[in-house]
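Coordinate analysis (summary)
Spelled out from the first residue to the last, the chains are:
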Amino acid sequence: MRIMAQMAMVMNLDKCIGCHTCSVTCKQAWTNRKGTEYVWFNNVETRPGQGYPRGYEDQDKWQGGWALSRNGRLKLKAGGKLKKLASIFSNPKLPGIEDYYEPWSYEYDNLLSAPEQKHIPTAPPKSLLTGERMDIKWSGNWDDDLGGTYAKADLDPMLKSIGDKVKLEFEETFMFYLPRICEHCLNPSCVASCPSGAIYKREEDGIVLVDQDSCRGWRMCISGCPYKKIYFNHRTGKAEKCTFCYPRIENGEPTVCAETCVGRLRYIGLVFYDADRVTEAASVPDEKDLFAAQKNLILDPHDPDVMNAAEQAGIPHDWIMAAQRSPVYKLIKDYDLALPLHPEYRTMPMVWYIPPLSPVVDVVKDTGYDAENAVNLFAAIDELRIPIEYLANLFTAGDTDIVADVLRRMAAMRAFMRDINMGIEPDERIPHSVGMDPEEMEDMYRLLAIAKYDERYVIPAGHSEQAHSLEGIGSDCPLNAEGGPGMNEMPDIASRGFAGTSGMSDPLAERSAEDEGGRSHLRGRLNLLNWDGKGRPTGLFPSADGQTGA
Amino acid sequence: MNSPTVLETFLWVIIPYMALAVFVLGHVWRFRRDRFGWTTRSSQIYESKLLRIGSPLFHYGIIFVFLGHVIGLGIPKTWTSAVGITDHMYHFMAITVGLGAAAATVGGLVLLIYRRRTNNRVFGATTRLDKLMYLMLAVVIFAGVYSTIFDSALGGYDYREGVSVWFRQFWMFQPDVSLMAQAPLGFKVHVMSAILIFALWPFTRLVHVFAAPLGYLTRPYIIYRSKDWQRQPQRRGWETIDY
């Protein structure tokens, strides 16, 4: 067993209103540079719809991800290493800029500098690739909110198997939003596709990154990733991808997309998995077993054996504690709500989704029945095959039973909590009917509906202490040795645990710990203004020997 | 053997060694200072239809051309005749395989230059250095094809007793200038433009030749890397002292 920690995310699609705030803030943070105009590390798609880039899920066309060879071994769907090298001079499966969109700006200057004329001056669109005026024909999210989907429904690869049954008439349709970032897979096919070995999975937190100095621009990762979440910076000639905002994660802060999510639908936390069993899990013959195999990879952080093994593997103690509090683990393993996006790609994606109940609720509501009633919702889940088949195509390789089970749990929670909120005696049969007890269901409700910042994001700060003190980095002052004259100015790294521990969660407290460097006689005492009232932090009372606390 | 003129020495001794120095030191400098810029700077995302034909045609062609040069320049005539390969057999191979490779290279290059010029997106991403590089490549390749056909095959010049000997002497630091000075003009242009492109090499996208990812064949699929240096295998020369 080789335990590794993975920073993972869950998105609750029931709460996504498709506002694109995540996409915009991500773009402002990461891809507002030349060469990355069309690059959206985070994008939000309306489903049914084509997605971004158009039709990326059609792996018959793009050959992304993994497949099983004839003898049952896992291989890259696009072909082995020799084939990849042989086709290196022209990647046969690379999306063109037209599969994304040609980036453009407007000649705003024309509005100000146009001479006096009869007609109001305009700002015609101008291509950012050629600098010439252009006709805008397509862009990201042009099928947002089903706009254009009626005409282009056949272009959604996920509708292929159920297309003839789906009615896209306005009255009978369903839709939801799907925000997507890089999946930071356990078995990343982009890493495996990179001829230069420039893409790697970080040992500490599983974040998949591109080494910009090693990337040579062969573009194989872009075709290798079935989610098309590696982009080509056409200015620098290098691959770029979602970084899971690793500089923020290392400081215990959530990603920009999660931080700014208006619906607060994203959860970030650690999961532990057994790296030695990943290939085996990804090689399960039946696609429908992949979800279970992936779920089984995730280890129980409360299991003493797992805790021991994690410690042996060098995972710091506060990380093990964070894994135990991980909302992601709870949603995947305890409540069985979260599903991976396209497990059939065999990459073991680590951004999970709670499928939306809203298409079901909407239908029940429209028929005039009580859409908060468990019986009505259960019946609708059994009846509404099409949205459920569609969700199954996205999240369970087509297994509708799993999706229906998840939706039943959410429907049960909706009905059960309605009674509690209305002051009606809650019906305990409702949670029992989906295999939960009432307390568990209330906990689940709390996590889904009202979880605060600290509960949604349980992110232990990265440990850089060892690296910091290494000679090679040399960022440390030799006077800062134990008891040395520089010690007074050292900010207390150890006290910067993950958010949520008593007395340390307030960012102001952290700041003041650094600010008071000039008042070293106060060191060790507690500033009561920063105390949150919980627990008994050191320094609250003088110690027995008359010294202030350590 | 007449003693070479100043110009001949300059052309076939000084410039070649200077180009060699620039080539080697240039790559060292580029690798140390600009690893981020070490890329193919592919334009496939802009245009793919012509590239799909032109690029493999050119690259595979030029690889065969390179191998042909290794044989033609590297292996002395006495060696091939010692193993029983007659001049006739050698030339037959060189002309057929060589011209096939040359046709692929020239065809690919023409297609690629046409694509670069006519597609506005691709042309917009073309730097001045790119244009100079394309010009030099075209000169080298066309001069090479011209001299092979007209000087060597039809003209009766045996480069294996001229240019090739000079080339091997060059690496032994004893180049006989007269061998180059007496070569036909086509060969002179070919060799000189090749020397100049080698000097230009480290500063252009041609550096991607030295990024050929052959290590891909032997490495495991999934790569893990630690951000913590302590967890990485120790680098040579950085072993800690064991007190």
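Description of the structure in this document. Given the structure is predicted, the values throughout are model-derived calculations rather than measurements.

It is worth spelling out the overall build of chain B at this point. Regarding its fold elements, chain B presents 9 helices and 1 strand. When its helices and strands are written in sequence order, chain B yields α-α-α-α-α-α-α-α-α-β. The 243 residues of chain B split such that 42% are buried. Across chain B, the fraction of contacts at a sequence separation of at least 24, relative to all contacts at a separation of at least 6, is 79%.

To continue, consider the sheet that holds strand β1 (residues 224-225) of chain B. The strands making up a sheet associate through backbone hydrogen bonding, with each pair oriented either parallel or antiparallel. As summarised here, the arrangement of the 3 strands in space is β9(A)-β8(A)-β1(B), forming an open sheet in which the pairing is mixed. Looking at which strands have only one partner, the edges of the open sheet turn out to be β9 (208-210) of chain A together with β1 of chain B. The pairing of strand β8 (residues 199-202) of chain A with β1(B) spans 2 bridges and is classified as parallel. Paired with A:R202 across the bridge in β1(B) is B:R225.

As a further point, take a nonpolar patch on the surface. Residue and element names in this part refer to chain B. A surface patch of nonpolar side chains, amounting to about 970 Å² of accessible area, comprises Y60, I63, F64, F66, L67, V70, I71, F92, M93 and V97. Elements with a contribution of two residues or more to the nonpolar patch: α2 (49-74) and α4 (87-118). Considering every element that reaches the nonpolar patch, the biggest residue donor is α2, with 7 residues. Turning to its location among the elements, F66 is positioned in helix α2. The class for F66 is exposed, based on a relative accessible area of 54%.

A few words now on helix α1 (residues 6-33) of chain B. All names here are of chain B. I14 marks the point of greatest bend in α1, at about 30°, and the proline P16 comes within the next four residues. Within the span of α1, buried status applies to W12, V13, I15, P16, Y17, A19, F23, G26, H27 and R30. Packed against the buried residues of α1 are α7 (163-171), α8 (177-181) and α9 (185-200).

All names here are of chain A. Across the 9 residues that make up strand β12 (residues 266-274), a large majority, 9, are buried. Side chains R266, I268, L270, F272 and D274 project from β12 onto one buried face, and the interleaved Y267, G269, V271 and Y273 project onto a second face that is buried too. With 9 bridges joining them, strand β1 (residues 3-12) and β12 adopt antiparallel strand pairing. The partner of Q6 across the bridge, within β12, is V271. Bridge analysis of β12 against strand β13 (residues 298-299) gives 2 bridges, and the strand direction is antiparallel. Bridging from a neighbouring strand, Y273 pairs with I298 of β13.

The rules behind each value
Per-chain numbering applies: the sequence of each chain, read as written, is numbered from 1 onward. Just so you know, chain letters begin at A and ligand numbers begin at 1, following the order they were written in. Residues qualify for local features only when their pLDDT is at least 70, as the model is predicted, and side-chain atom pairs are given and counted only at 80 or more; totals for whole chains, interfaces and linings, by contrast, use all residues. Only hydrogens and water are removed before side-chain values are computed, so all heavy atoms of the structure are retained for them. The helix and strand labels rest on DSSP assignments: H or I over at least four residues marks a helix, E over at least two residues marks a strand, and numbering proceeds from the N terminus. Partly exposed describes any residue whose relative accessible area lies between the buried limit of under 20% and the exposed limit of over 50%, with all areas from a 1.4 Å probe on protein chains only and scaled to the type maximum. Contacts were defined at the residue level, with two residues in contact if any of their heavy atoms lie within 4.5 Å. Strand pairing requires that DSSP identify at least two bridges connecting the strands. Exposure above 30% relative accessible area and the absence of a salt bridge qualify a residue for a patch, where like charges join within 9 Å and nonpolar side chains (Val, Leu, Ile, Met, Phe, Trp, Tyr) within 5 Å. Here the accessible surface of atoms and residues is derived via Shrake-Rupley with a 1.4 Å probe, and residues count as covered only by protein chains that are part of the display. In what follows, salt bridge is the name for a side-chain nitrogen of Lys or Arg lying within 4 Å of a carboxyl oxygen of Asp or Glu. We define the bend at each residue as the angle formed by axes fitted to the 7 residues ending at it and the 7 residues starting at it.

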